[in-house]
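The lines below spell out each chain.
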Amino acid sequence: MIQQSTQPIIHFQGIEKSFGGAKALSDVSLTVHRGTVHGLVGQNGAGKSTLIKLLAGLHRPDAGQVEIDGEAYDHLTPHLVESLGIHFIHQDRLLVPSFTVGEALFLGREPRIPGTPFLDRRQMQRRAQEVLQRYFGLSLPNSALISQLSTAEKQIVQITRALLDRPKILVFDEPTAALVKREADLLFTLIRRLRDEGITILYISHYLQEIEALCDVVTVLRNGRHVATKPIAETSAAEIAGLMVNRDIGDLFPIREKSPGAALLTVEGLSATGRYRNVGFTLYRGEVLGLTGLLGSGAKDVLRTLFGLETAEEGTVTVAEQAPWRASPVQAARRKLALVPEDRRRHGVALDLSVSENTTLASLPRFTRLGLVDRASEAAEADRLITRLQIKTAGREALLRTLSGGNQQKVAIAKWLSRHSDIYLLDEPTVGVDIAAKVEIYALIAELAEKGAGIIVLSSDLPELIGLTDRILIFFRGEIAREVVSDTITEDALLAEVTGSSEATRYVG
Amino acid sequence: MLVDTALLVPASARADTPSPQKTTVSQGLAGIALRGGALAVFVTVFVLFAFASPIFLTPFNLGNILAQSAISGVLAIGLTVVIIAGGGNVVSGGIDLSLAANMGLSAAVYAALSQAGQVDGVAVLAALGTGLAIGAVNALAVTWARIVPLLATLAVMNVVGGLELVLTQNTVIPAITPLLESLSGSGPFGIPALAYVLLGFALITAVVVQATPLGLRLYAVGEFPEAARASGLALKRFIAGSFLFSGLSGGIAGILSAAYLSGSTTGAGELLLPVVVTALLGQVFSRRLVPTITGTLLSALFVGVLINGFQLLNLSSTLVSGIQGLLILLVVSATTLLRPKEG
């Protein structure tokens, strides 16, 4: 049911947005029609969340305008957005844990006992029961606290909250990520009903089958650009996937002699209940090994275990010919392992220290004389690494806070370079990094490998894995489901392996 | 962000996520044990003191406990509102360390004006105004200058303590006024008037905090600011308002203290520890392990009994301070571990 004939309710016109030099959206124009379910898809970094934050009034566009209901705005504010009847169902459930369901539903517009300033708790409970029953067939005890609900129940409470405001436009950001099938089906039925009542739905999801089943129209974003908007009847999940995948990224990757040397890191029978089972592999000198998998597949846990941030219950990790050890970050660093974490702001760098201090932080003993830091040799090393990695900074004394995300990431890598590590564990090394910085990080990884280091790259960026690594270990539900040689697999095939879609089809029937 | 590759998996292929019921159930049980335990300790302490000291159960002494508790109780109720609106985080959450000093300065202002021949009305307004002004400074420091309450109110505490010294020259200012006389006397049933003030103040605050939308919003602002903001609440107004209220509590407590001690005396700062203990301890008396006014009232009486009993048994006041310090550690760790978390 496509209602292209109805009038537009949201119209983005020529939207531009950059963050610290990295372009998040360029010239995005997009129309959403009243009373439709409009899907928005794109890979990590495609610009979906930036676009949604613009609509929520949390970001201000650098250029372009947004028209809501025929009224043009050069930017929105959260307050304005609310008065326009636009509501957001966020991924994070914004509900107070110690509140009852009724309190959480009515916070900010509490019913009062008529003629008094007092809360009408009985009415809150009654109406909470009523709306949850009506929309979702869900019955929760009046005394239930938010903290006692399941993730799905919290999600339902959150959606119900938005519905109480009789919204004109509802934006769902990955609403099913925490729901099981039965709950997701209920949600879809509800969304269709809301659409038929005239509410416009903007639906963001990674799950293309959901998009196909639910949406009337789908828009694909890629690298901050609007790629296509199509009625769902005229496209397919496969075509959408094709539009999302970047086809011209191949030449970003350095050409590298792939000739692994001696075994450097051996992992045997690594298990941890609920996280991963019987994981074993070997990393060789000069090799770039890729790890990938869905959230919860165990890939990330294994990487963190190697550096000692998590502990395994069984199994051994051996570096070169040394004895196996019970891993801890101190032990790992002593064995010349280096970790560049994904959340660099929290774990990787100190934002309020200078570039120079950050680059030498992990290897201070090398720059220390008589217990004092030797500023001259520290500065020399920092300058060397700044040039080497082409870090864009006002100088080695600039605070790290002032650098762009990509350059902060380069500093995080530089920090471990100055230690001369043997094994590099890189967790999503290019997330939030612009293309130019990506290319330099790729070149750096290749060079480290050529010098004989072993590198493990955990990534969900499939072209990156294929272009950068020698082998890829695909994790699925806590186990290494397959090992593939990077040269021999296509992006589509890798995607199928990662999502376990051969198994998934059996599931779905 | 590994989930970003999950392009083609329908909801049906994903495993059911187990709900975190088990942990909340055991947390709930531990919470019940904590509350029951707290009440049992309260009763036990009461009975022990009754046996250990012949004076403890006399009407005069029980009245004395109520009167003593009135001052720290009013302060603790003010502090409770700040903790509700600022959140229970020990480092970044709501706290007002300037309350005891506030009480000292307000009492001194009241006593000095009375001694200078001002009528009760003027002196009362000046004392309450002093409290409110201190609250306003705290509110500005926290919401406008964005200093964490712990530091902001620590600084204000010292400024206020200094002002009190300047005003009183570190001496006792005696004050005897009609208001003070009636406050230090007995009310109906021979119970001290101060106790009625505490109960009245607690009742009004409890009704506002526990039965109006304002109270519900205060809890939301303190516990989960993002959720409160998403509900359209102006966070800073609630936080500033909580400091104004605690400042006013300081002013009221100042007048009560002037009545109890017949003037203003030095050493108001010694009340800080009992007040903080009282407000924190109050949390274990509530079902959801959150600060509540009724919980604070109960714990004010408990702390009052404790201090009084130790005095009767001639135990040193250092020991009392030590026990209060231990109570803070116990209560804060218990509630931090057991309180429902966002998940």
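Predicted model, so just to flag it, every value in this text is computed and none were measured. (Residues numbered from 1 in each chain as written. Chains lettered and ligands numbered in written order. Predicted model: local features only at pLDDT ≥ 70, side-chain atom pairs only at ≥ 80, totals over all residues. Heavy atoms only, no water.)

Chemist: Which residues make up the nonpolar core, and what values do they have?
Modeler: Phe99, Leu170, Phe172, Ile201 and Tyr203 of chain A are the most contacted members of the largest nonpolar core, which has 128 residues in total. Among the elements that take part in this core, helix 2 (residues 59-86) of chain B stands out by supplying 13 residues, more than any other. Filtering out sequence-adjacent residues up to four positions away, Ile201 of chain A remains in contact with Thr36, Val37, His38, Leu170, Phe172, Ile191 and Leu194 of chain A. One finds Leu289, Ile413, Leu448 and Ala453 of chain A within the second-largest nonpolar core, a separate group that totals 57 residues. (Core = buried A, V, L, I, M, F, W, Y, C linked by side-chain atoms within 4.5 Å. Buried < 20%, exposed > 50% of the residue type's maximum accessible area, 1.4 Å probe, protein only. Helix = DSSP H or I, 4+ residues; strand = E, 2+ residues; numbered from the N terminus. Contact = heavy atoms within 4.5 Å.)

Chemist: Explain helix 8 (residues 237-244) of chain A to me, using residue names and the numbers behind them.
Modeler: All names here are of chain A. Three or more residues of helix 8 are buried, namely Ala237, Ile240, Ala241 and Met244. The arc that holds the buried residues of helix 8, viewed along the axis, is 100°, so those residues lie on one side. In this structure, the buried residues of helix 8 make contact with strand 3 (37-41), helix 7 (208-214) and strand 9 (217-222). (Arc of directions from axis to C-beta.)

Chemist: Account for the layout of surface pockets, with residues named and values stated.
Modeler: All names here are of chain B. Quantified by volume, the second largest pocket comes out at close to 1200 Å³. In terms of lining residues, the second largest pocket is bounded by 44 residues, among which Gly86, Gly87, Asn89, Gly93 and Gly222 are the most central. When contributions to the lining of the second largest pocket are tallied by element, the ones reaching two or more residues are helix 2, helix 4 (120-144), helix 5 (149-168), helix 8 (213-223), helix 9 (225-230), helix 10 (235-260), helix 11 (272-281) and helix 13 (317-338). Ranked by the residues each element gives to the lining of the second largest pocket, the list is headed by helix 13, at five residues. For the lining of the second largest pocket, the per-class residue count stands at 25 nonpolar, twelve polar and seven charged. (1 Å grid on protein atoms, 1.4 Å probe; cavity = no way out; pocket = protein on both sides within 12 Å on 5 of 7 lines; lining within 4 Å. Points joined across faces, edges and corners; volume = space filled by probe spheres on them. Nonpolar A, V, L, I, M, F, W, Y, C, P; charged D, E, K, R; others polar.)

Chemist: Pulling in residues and values, what's your account of the sheet that holds strand 11 (residues 263-272) of chain A?
Modeler: The strands that make up a sheet pair up through hydrogen bonds in the backbone, lying either parallel or antiparallel. Residue and element names in this part refer to chain A. Across the sheet, which stays open at both edges, the three strands sit in the order 12-11-14 with antiparallel pairing between neighbours. Either end of the sheet is taken by a strand with one partner, and the two such strands are strand 12 (276-284) and strand 14 (314-319). Strand-to-strand twist in this sheet, taken as the mean axis angle between neighbours without regard to direction, amounts to 5°. Summarising the sheet, strand 11 and strand 14 pair through five bridges and their orientation is antiparallel. Each bridged residue has a counterpart across the sheet, and for Ser271 the counterpart in strand 14 is Glu314. Contacts between helix 9 (residues 299-306) and the sheet are confined to strand 11, strand 12 and strand 14, with strand 12 contributing the most and set at about 60° to the helix. (Pairing = 2+ DSSP bridges. Axes fitted to C-alpha atoms, helices over the stretch in contact; angles between N-to-C directions.)

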